[in-house]
Amino acid sequence: MKKGVFWTLAVVITLGSAVYQRMTGPTYPLKGRADVGGTVVKFELPRSAETTADAEVAVPAPAGVEGELVWRRFPTEDAWERLPLARDGDRLVGRLPKQPAAGKVAYRVVLTAGGGDVPLTGEDPAILRFKDPVPA
């Protein structure tokens, strides 16, 4: 009886830890909501990309909303670079230049509607880490 309780407790703790890591780990998308020009925008920003191509950052945006991607290598004091987001249907898309393995980029997505700028991550930038692809 005592062994069964310990095994059950071990399984519950293991599964709980796995779910927590999956939801909060540094490589999973940063999710959030922002009020842009009176419209609530739900977004997911990537925090991991492969070194084989530029990292795509896409956010849903209704018509009339424009945006830019503000980024720099992390952790450096480089100047922030600004890239305009291009409209692709009902979303705005930008690409962060690829970096070597373990290279990091700090970035913010700033949407503009009705004359006001809305940074999706607030004052703190999102951090995107580049990794080499893992073979099957």
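As the structure is a computational prediction, the values presented were derived from the model and not from experiment.

Enquirer: For this particular structure, what's the right way to read the packing of aromatic side chains?
Expert: For any pair of aromatic rings, the description rests on two quantities: the centre-to-centre distance and the angle between the ring planes. Under the defined criterion, the tally for this structure stands at 0 aromatic pairs. The ring of Trp80 is capped by Arg108, whose NZ or CZ atom sits 4.9 Å from the centre of that ring.

Enquirer: Would you explain the sheet that holds strand 4 (residues 55–60) in this entry?
Expert: As a general point, the strands of a sheet are linked pairwise by backbone hydrogen bonds and lie either parallel or antiparallel. Within the open sheet, the 3 strands sit side by side as 4-8-7. Their pairing is antiparallel. Each end of this open sheet is capped by a strand with a single partner; those strands are strand 4 and strand 7 (86–88). On average, adjacent strands in this sheet sit at an angle of 35° to one another, irrespective of strand direction.

Enquirer: Just checking my understanding: could you explain the pairing of strand 1 (residues 30–36) for this structure?
Expert: Residues in a regular strand project their side chains so that they alternate between the two faces of the sheet. With 7 bridges joining them, strand 1 and strand 2 (residues 39–45) adopt antiparallel strand pairing. In the strand pairing of strand 2, Gly32 is matched with Phe43. Here strand 1 folds back onto strand 2, and the loop between the two strands holds 2 residues, one of which, Gly37, carries a positive phi near 60°.

Criteria and cut-off values
- Residues numbered from 1 in each chain as written.
- Predicted model: local features only at pLDDT ≥ 70, side-chain atom pairs only at ≥ 80, totals over all residues.
- Heavy atoms only, no water.
- Phe/Tyr/Trp six-rings, centres within 6.5 Å; stacked < 30°, edge-to-face > 60°.
- Lys NZ or Arg CZ within 6 Å of the ring centre and 35° of its normal.
- Pairing = 2+ DSSP bridges.
- Helix = DSSP H or I, 4+ residues; strand = E, 2+ residues; numbered from the N terminus.
- Axes fitted to C-alpha atoms, helices over the stretch in contact; angles between N-to-C directions.

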